[in-house]
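# An overview of the molecular structure
Below are the chains, spelled out letter by letter.
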Amino acid sequence: SMMQNTVLYVSLFDGINNSPRVPIHITAVDSTITSAVAAEPTICPSGSTDLGGTLNSLGMINWYDAPTAGNFLGSSEQGQGFSVSPSSTQTYYAEGETERKTETFDYTGSVQTFTVPIGVTSIEIDAYGARGGDSHGGTSGPGKGGQVHATMNVTPGQVLNIYVGGQGEDYTSGIQGGWNGGGNGTDSGDGAGGGGATDIRINGTSLNDRILVAGGGGGRAPNMICTPGEINPPHGGGLVGESGYYCIDGSAEEKRGLGGSQTEGGRAGCWFNETSCANAGTFGNGGNAGFVATDGRAGGGGGGWFGGGGGTYNSDGGGGSSYTNGSLLQNIVHTQGVQDGHGVLTITYSKSSTTNTRSSVILTVEDVTNPVPDVTNLANVDGNAPLTVSTIPTASDHCVGTLNASTTDPLTYNTAGTYQIQWDYDDGNGNVFSQNQTIVVGAVLPVELSRFSAHCEGQRVKLNWRTASEINSSHFEIQHSRDGIRWEALGTVESMGNSEVRNDYQFTAESRFGFELYRLKQVDYDGKPDFSKIINAACAEDDSQIKIYPNPTDGNFTVSYEGTQEEELTLILINNIGQELEKRNLELSNGFGKTSFDLTPYPAGFYKLQVSNQGHLRSYRIIKTQE
């Protein structure tokens, strides 16, 4: 190993004389890292940023969690970021590598070995399980093998035993499951074999010596009667392999083989209440497919940490599960259904110079900024008792985003007075900002009106109302209007004053215009008024077939019609100067129809609805009140 440019001289010796010396110029590649930096030296909790570094020459930067040895976290090229998201303040260490190499292990059908080279202390592993065999009639393809990515701390000279899974045989070539755990398909009826798993074993070659496993895909069954695209292939990989599919009647839960998990093999597919079953998956091996009488047409389970179950009668075998030893491996990523074909395993490693030093960078994780309220000064909340505060204020936080406020103060007030609510904005990282809001509660309304109605008796309108309670109530003034805007007093009725029991009142008015509006003006002893809801009476427009509601309305109203036969009505909405606003047809079904109109765009006042049916024309007054 040379850390500076050098000239060496060579000559040839023919047994008698040396030839003249020839210089050879050797240029040393300096992989020393001169600096390590973070794109953002301070990040929020749950945040992330990129690390980078500068080398004296082109090359890769390896990242560690310790100044010497430690865990290998990953690599990045000079000029590219290495993304990290620590949960607390962390120091990272960068080291330039002098050599980076990838060794690939393809399927051979036998065990292979990898010996850790001198100078290598960490390796990067990508393992792929083999796919299961494919059958015919389906459109979704075979069950593919899973992928496992991980890094591993190693020592020079350490030996890893490599097992690369074989692809399960397709129905056209046989039924054999793939090498290293694939279950067999049925030998009649087009079943296919499950794919073999790919794994690494240390300190031995038994299944118990496995530290990393990429699961194989399940074997397929013929799916000639399945709807294209409806079938999920029995992929291998993941912590639980994908289960198979059954296409005759959708009873997938009984006939298909299930995927292997972290604790047990996939359940076997069964037919006729478990009287004819395939083989369940076991530790390391997929289950063989089963028969129904002499009919097979089923796939074998994929190999894995635990193998997938075999299928029976038109059902797939399940995929095998993947596995990683969390105490020996780091930066683990499981992906299901990746590999199409035989399995494969790659090991990537770097050789670092013994004189290469690491450069450190400290990434601070903290949040010391208070949330900022979205409204600087909260408006007062005013109203009569009982008053409930329903709008929760919000704030913006540079780490969390939008926050809803919380409070320990009450949000419902039954007594008149002025109150303060303290709203707290807590970002969960130790920063709390508080904001006050004033609540002004008026006295309880003097009258609690529980009912107010009107009905026609000839050309008279009888008004009835009921109070549930009364406090300091002086009297009721009965008011009348044609358009909901201009109101006229018709008379007064003395109230009970103070009462905690039910009281009934009535007033009779002459109907002068056919359609009329009424409301109550309740006046207390202090002269303060309060108004009831508006109701109507249409003594000259009674029509049991046509219903218009609500009328009066502050926007939308509905027209319903109930007849005795299939009819079609024409509805025309006209304003108070005769302009047509809208026209539509209402088709009846079984003698009934319903439609709605929207008066929101139009001003308050009265409108006319014309209804024509089989030559008959009727008009109805609609009142829009102030919103």
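Now for a quick tour of the structure.

The rules we used
- One numbering rule holds for all chains: residues counted from 1, following each sequence as written.
- For this predicted model, a pLDDT threshold of at least 70 governs which residues receive local features, and a threshold of 80 or more governs which side-chain atom pairs are given and counted, while totals over whole chains, interfaces and linings are taken from all residues.
- Just so you know, side-chain values use all the structure's heavy atoms and leave hydrogens and water out.
- Here, a salt bridge means any Lys or Arg side-chain nitrogen found within 4 Å of an Asp or Glu carboxyl oxygen.
- Helix numbering and strand numbering both begin at the N terminus, where a helix is a DSSP run of H or I of at least 4 residues and a strand a DSSP run of E of at least 2.
- Remark: exposure states derive from per-residue accessible area (1.4 Å probe, protein chains only) relative to the maximum for the residue type, with buried under 20%, exposed over 50%, and partly exposed in between.
- A pair of strands counts as paired when DSSP detects no fewer than two bridges linking them.
- Between N-to-C directions, angles span 0 to 180 degrees; the directions come from axes that are lines fitted to C-alpha atoms, helices contributing only their stretch in contact.
- Centre distance within 6.5 Å is the pairing criterion for rings of Phe, Tyr and Trp, where only the six-membered ring of Trp is used; planes under 30 degrees apart are then read as stacked, over 60 as edge-to-face, and the remainder as tilted.
- We call a charge positioned over a ring when the NZ of a Lys or the CZ of an Arg lies within 6 Å of the ring centre and within 35 degrees of the ring normal.

## Examining the pattern of salt bridges
All chains considered together, the criterion is met by nine salt bridges. With a shortest N-O distance of 2.6 Å, D504 and R466 are connected by a salt bridge. Highlighted residues: D504 in strand β35 (residues 503–510) and R466 in strand β32 (residues 460–470), separated in sequence by 38 residues. For R466, a relative accessible area of 19% translates into the label buried. In this structure, R584 and E582 form a salt bridge, with 2.3 Å as the shortest nitrogen-oxygen distance. For R584, a relative accessible area of 21% corresponds to the partly exposed category. Beyond isolated ion pairs, a larger network of salt bridges with shared partners links R131, D170 and D340.

## Section: the sheet that holds β35
One open sheet holds the three strands; their spatial order is β31-β32-β35, and the pairing between them is antiparallel. Of all strands in the sheet, those with a lone pairing partner are β31 (447–457) and β35, marking the two edges. In this sheet, neighbouring strand axes are inclined to one another by 20° on average, regardless of whether the strands run parallel or antiparallel.

## A few points about the packing of aromatic side chains
Pairs of aromatic rings are described using the distance from one ring centre to the other and the angle between the two planes. With the rule as written, the count across this model stands at 16 aromatic pairs. Considering the side-chain rings of F283 and W305, the 4.9 Å spacing of their centres and the 80° angle between planes classify their relative orientation as edge-to-face. You can see F283 sitting in the loop between β18 (276–277) and β19 (323–324) and its partner W305 sitting in the loop between β18 and β19, a full 22 residues away along the chain. Given a relative accessible area of 12%, W305 falls into the buried group. Feature note: the residues F283, W305, F306 and Y323 constitute an aromatic cluster, connected by ring pairs. Lying across the ring of F597, R584 places its NZ or CZ 4.0 Å from the centre.

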